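Single-letter residue listing:
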Amino acid sequence: MDKYITGSKVGILLLCALLMSACSTNATTTQSEAAAGTVAASGTTITQNGAATGVQLASAKLSDLVTFDEEDSNTTWTADQSTEIALAGTSALVDGTGAESKDGSVTITAAGTYVLSGKLSDGQIVVNNQDEGTVHLVLNGVNITNSDSAAIDIKEAGKVIITLEDGTENSVSDGATYVYADETTDEPSAAIFSKADLTINGTGKLSVSANYNDGITSKDDLKIMGGTIEIKAADDGIVGKDLVAVQDGNISITAEGDGMKSTNDTETDKGFIAIAAGTFDITAGNDGIQAETLLVIDGGTYTLVTGGGNEKGEVKTGDQGQGMGMRGGRGQGTGDQAPGTTGTTGTSTSETKPETMPETKPEIPTTEASTTTTTATTTESEIPSTKGLKAGGDISVNNGTFTIDSADDAVHSNSNIAIADGEFNIKTGDDGIHADALVAISGGKIDITKSYEGIEGANIEISGGEAHVVASDDGVNVAGGNDEATVGGGPQEQDQFSDSASNMLTISGGTLTVDASGDGLDSNGSITMSGGTVIVNGPTNSGNGALDFDGSFEQSGGTLVAAGSSGMAQAPSDTSSQHAVSMTFPQTQEAGTLVHLEDSEGNSILTFAPSKSYQTVVISSPDLKDGGSYTLYSGGTSTGSEANGLYTDGEYTGGTKVVAFEITSSVTWLNESGVTTANTNQGPGGGGGGNRRP
């Protein structure tokens, strides 16, 4: 068995695996214990709840977790140094040593290379090598069917390598019922089943029809080096207990259960999935790719449809201003709110979101071999997990192209998520990206075109990349939201977070564009912004705001423009080192109506066309200076280049002057009459945080 962990670099990704009991739905321990002491790439310690300002979560790579040895890549063989097995209907002809054909099955008992060809209409290939050597099976154009058990059953060996010979098509299938020797036996349980380390290599094709349970299962390591693999499974497609490692390949899976999964939940250095490259087309009734501990992806192309897709997502109710149901003590911070609005201290209620539910499992039959057979049936009534990418520990994405259509979260970790690069196109019935602890995005392109909440975690750090989020509730949500799902006539418990001052949304780079029906940027703690560009098209209802934070919003750099309704409007804190302007219009402005801000010399500060109707807009730019004079216009046109509603260069003309003003404080509150002061309803501390909820 390979040595999995090769360096201290992956220590961070193993931390949550060491604390798997903490990575549960317990709100008080999930984010605090899961990320406590985690080491960031810079060497800084990430504190409890995954909070870390100005640092990035270290990313692991496949090479940190597993090594492909020379044997894994070996596809060569010669006729004079191998045993030929010619399959012929209900029997087989063996030419060489180490194998025996009897009663429709071929049993291999010695290490060596075995070249299989032909058709076995109702039989089995059995590997039972007691000397723990390596058995090399070359599939050279085979069709193997077994009506009552696995087509290939590897009972014992040091290691088995299956080579898909170049230019060949190979197929294996099992029956819908298995016959076991006695009531204590539940293996094999897959069309290709191995109790030893299993490697699949070569450039040929393998089709697997798993009518009973799983397609390909290894109770130890499962490595895929290449080839074209097509699987249709009654339950899971590909299962590796200790690990699933993919170097390359073209893999297509249609599974009633999970597409690809690892299952070892007792050894913290195992149970992971690591993928270097390949093409993956997975349609799964449950999760697409599910790692018991860590999920590491270096590249590849992924098309994932889970649980029937986003349209099958559970019905949820979000924050729409009706009592608000604020989590963990909303209304206990202090801060400014928009002029002309009122606020009161909100009530504290805990909100729930259905937790990750166990997947539905087939019942393994136990029968008398000589008398009866039993068909695998589903007996559990739990709601299955239907996520795209899922891990009990950390998820690290270094590159790849992902198209995910999921009923539940598209990307979900019970611990941390680090996205360094890659391209994501996401439609989901729940969260686009969810981590119980920290979401760290340092690169790549993320396009979430449908979600309940776009990006959610106990803490979120965005330092690079380009993210577009469309959400029916909150766009970016730190520490969770009011997320109830109506299932079977009642609400189901989902992701739970505790309200904490350490919860932080940190933005230091990249571009983030949000279109949210709930809050645009929502933090149960605080927000810091030192760089990047943030564009928010917020809610049109007054029960939510484009910006929503309980603590403070400290801005020292970057460009921010946030448009939305006025009832819950907030602006960066007056302790920010970069200036901000918050304008409240007397009436709601139509979608697409330009907002233009320029200085006294006619230099454009910002021109923006909100995509939805709005009454308040917040602007913060490095170009806003203390003592400067500015004019804000509404309407008109621009000849500049537009991206996400924000115009650059070009000429602005035809607008209506709304207000002229001078900046004399960190936050300038405006209405059509000029500079005003924000109404506050807070204790000592001034403009240090979020407005109060009614």
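Being a predicted model, the structure only gives us computed values, none of them experimental. All residue numbers refer to position in the chain's written sequence, counted from 1. Side-chain atom pairs in this predicted model are given and counted only at pLDDT of 80 or more, local residue features only at pLDDT of at least 70, and totals for whole chains, interfaces and linings cover all residues. Heavy atoms throughout the structure, all of them, feed into the side-chain values; hydrogens and water do not.

1. Regarding the pairing of strand β22 (residues 250-255)
Point 1. A one-sided burial pattern is seen for β22, the buried positions being Ile251, Ile253 and Ala255 and the unburied ones Asn250, Ser252 and Thr254.
Point 2. For two strands to pair, DSSP has to find at least two bridges joining them. Secondary structure elements are taken from DSSP: a helix is a run of H or I of four residues or more, a strand is a run of E of two residues or more, and numbering for both begins at the N terminus. Here β22 runs beside strand β25 (residues 279-284); their pairing, made up of 6 bridges, is parallel. Each residue of the ladder has a partner; that of Ala255, found in β25, is Ala284. Partly exposed residues are those whose accessible area sits between 20% and 50% of the maximum for their type, while under 20% is buried and over 50% is exposed, using a 1.4 Å probe and protein chains only.

2. Concerning the pattern of salt bridges
Point 1. The salt bridge definition used is simple: a Lys or Arg side-chain nitrogen within 4 Å of an Asp or Glu carboxyl oxygen. For the structure on display, the rule yields 15 salt bridges.
Point 2. Across the pair Lys205 and Glu230 runs a salt bridge whose closest N-O atoms are separated by 3.6 Å. Here the residue Lys205 occupies a position in strand β16 (residues 205-210), and Glu230 occupies one in strand β19 (residues 228-233), the gap between them amounting to 25 residues.
Point 3. Judged by relative accessible area, Glu230 falls into the partly exposed class, the value being 34%.
Point 4. Look at the salt bridges and you will find they share partners, linking Asp69, Glu71, Asp72, Lys159 and Lys223 into a network.

3. Quick look at the nonpolar core
Point 1. Ile216, Leu512 and Leu521 are the most contacted members of the largest nonpolar core, which totals 104 residues.
Point 2. With 5 residues, the top contributor of residues to this core is strand β9 (residues 134-146).
Point 3. Beyond its immediate chain neighbours, meaning those up to four positions away, Leu512 contacts Ile462, Ala467, Val469, Val476, Ile507, Leu521, Thr533, Val534 and Ile535.
Point 4. By nonpolar core is meant a set of buried Ala, Val, Leu, Ile, Met, Phe, Trp, Tyr and Cys residues that side-chain atoms within 4.5 Å join together. Counting 22 residues, the second largest nonpolar core, distinct from the first, contains Ala563, Val595, Ile619 and Leu670. Between two residues, a contact is recorded if the distance between any of their heavy atoms is within 4.5 Å.

4. A short note on the pairing of β19
Point 1. Residues Ile229, Ile231 and Ala233 line the buried face of β19, whereas the alternating positions Thr228, Glu230 and Lys232 sit on a face that is not buried.
Point 2. Bridge count for β16 against β19 is 6 bridges, and the pairing is parallel. Note on β19: the bridge partner recorded for Ala210 is Ala233.

5. Overview of empty space enclosed by the protein
Point 1. The method works on a 1 Å grid over the protein atoms by themselves. A cavity is a set of points holding a 1.4 Å probe that cannot get out, a pocket is an open set with protein on both sides within 12 Å along at least five of seven lines, and residues with an atom within 4 Å of a point line them. Grid points are joined across faces, edges and corners, and a volume is the space filled by probe spheres set on the points. In this structure the tally under the stated criterion is 2 cavities of 30 Å³ or more.
Point 2. Taken as a whole, the largest cavity spans an internal volume of roughly 50 Å³.
Point 3. Residue lining of the largest cavity: Ala546, Leu547, Ala562, Ala563, Gly564, Ser565, Ala569, Gln570, Thr616 and Val618, and that is the complete set.
Point 4. Secondary-structure elements contributing two or more residues to the lining of the largest cavity are β51 (553-564) and β55 (614-620).
Point 5. Here the lining of the largest cavity takes 3 residues from β51, the largest share from any one element.
Point 6. Residues belonging to the lining of the largest cavity are distributed by class as follows: 6 nonpolar, 4 polar and no charged. Charged means Asp, Glu, Lys or Arg here, nonpolar means Ala, Val, Leu, Ile, Met, Phe, Trp, Tyr, Cys or Pro, and polar covers whatever is left, Gly included.

6. Some details on unusual backbone geometry
Point 1. In this chain, Glu187 is followed by Pro188 through a cis amide linkage whose omega measures 5°.
Point 2. Of note in the backbone geometry, Glu132 takes a positive phi value of approximately 65° without being a glycine.
Point 3. As for its placement among the helices and strands, Glu132 is situated in the loop between β8 (124-128) and β9.

7. Comments concerning the packing of aromatic side chains
Point 1. When the centres of two rings from Phe, Tyr and Trp lie within 6.5 Å, Trp using its six-membered ring, the rings pair. Their planes under 30 degrees apart give stacked, over 60 give edge-to-face, and anything left gives tilted. On inspection of all chains with the given rule, the structure shows 9 aromatic pairs.
Point 2. Each ring, one from Tyr178 and one from Tyr212, has its centre 4.1 Å from the other, and the planes form 20°; the classification is stacked. Here Tyr212 lies in the loop between β16 and β17 (214-218) and Tyr178 lies in strand β13 (residues 177-178), a separation of 34 residues in the sequence. Tyr212 shares its class with Tyr178; the two are buried.
Point 3. Look at Tyr633 and Tyr652: their rings are 6.1 Å apart centre to centre, the planes differ by 55°, and that puts the pair in the tilted class. Of the two residues, Tyr633 is situated in strand β56 (residues 629-634) and Tyr652 in strand β60 (residues 652-653); the sequence distance between them amounts to 19 residues.
Point 4. Its relative accessible area of 19% is what places Tyr633 among the buried residues.
Point 5. Through successive ring pairs, a cluster of aromatic residues spans Phe280, Tyr302, Phe402 and Phe424.

8. Considering the environment of Ser565
Point 1. Note on placement: Ser565 falls in the loop between β51 and β52 (580-589).
Point 2. For Ser565, a relative accessible area of 7% gives the class buried.
Point 3. Between the C-alpha atom of Ser565 and that of Tyr614, which follows or precedes it by 49 residues, the distance is 5.3 Å.
Point 4. Those residues in contact with Ser565, other than ones at most four positions away along the chain, are Pro539, Thr540, Asn541, Ser542, Asn544 and Thr616.
Point 5. Here the side chain of Ser565 touches Asn541 through a polar contact of 2.7 Å, landing on its backbone oxygen. Any N or O atom pair separated by 3.5 Å or less is treated as a polar contact, with the protein-specific requirement of one donor-capable and one acceptor-capable atom, and with residues adjacent in sequence counted only for side-chain atom pairs.

9. A short note on the side chain of Ser566
Point 1. Turning to its location among the elements, Ser566 is positioned in the loop between β51 and β52.
Point 2. Side chain to side chain, Ser566 and Gln615 meet in a polar contact 3.3 Å long.

10. Overview of the confidence of the model for the protein
Residues shown with low pLDDT carry predicted positions that ought not to be read at fine detail.
Point 1. Note on scores: pLDDT gives the predictor's confidence for each residue, bounded by 0 and 100. Taken over all residues, the pLDDT of the protein has a mean of 83, while the share at 70 or more is 77%.
Point 2. Confidence over residues 1-56 falls short of pLDDT 50; this stretch has 145 contacts with residues more than four positions distant or in other chains.

11. With respect to the environment of Glu651
Point 1. If you trace the backbone, Glu651 turns up in the loop between β59 (646-648) and β60.
Point 2. Separated by 44 residues in the primary sequence, Glu651 and Thr607 have C-alpha atoms spaced 9.9 Å apart.
Point 3. Residues in contact with Glu651, not counting those within four places in the same chain, are Thr637, Ser638, Thr639 and Gly640.

12. What to know about the sheet that holds strand β58 (residues 641-643)
Point 1. Taken together, 6 strands build an open sheet; the order of strands is β58-β59-β54-β53-β56-β61 and the sheet is antiparallel. This sheet does not close on itself; its edge strands, each paired only once, are β58 and β61 (656-662). Neighbour-to-neighbour, the strand axes of the sheet open up by a mean angle of 25°, direction not taken into account.
Point 2. Note: strand β54 (residues 604-608) against β59, 2 bridges, orientation antiparallel. Pairing of Phe608 across the sheet is with Leu646, part of β59. Lines are fitted to the C-alpha atoms to define the axes, a helix being fitted only along its stretch in contact, and any angle between axes, read from their N-to-C directions, falls within 0 to 180 degrees.

13. Structural notes on the side chain of Thr83
Point 1. Within the secondary structure, Thr83 sits in strand β3 (residues 83-89).
Point 2. Residue class for Thr83 comes out buried when judged on its relative accessible area of 5%.
Point 3. Within the local environment of Thr83, its side chain forms a polar contact with the backbone oxygen of Thr97, the two atoms lying 2.7 Å apart.
Point 4. Every residue in contact with Thr83, bar those within four places of it in the chain, is listed here: Val94, Asp95, Gly96, Thr97, Thr113, Tyr114 and Val115.

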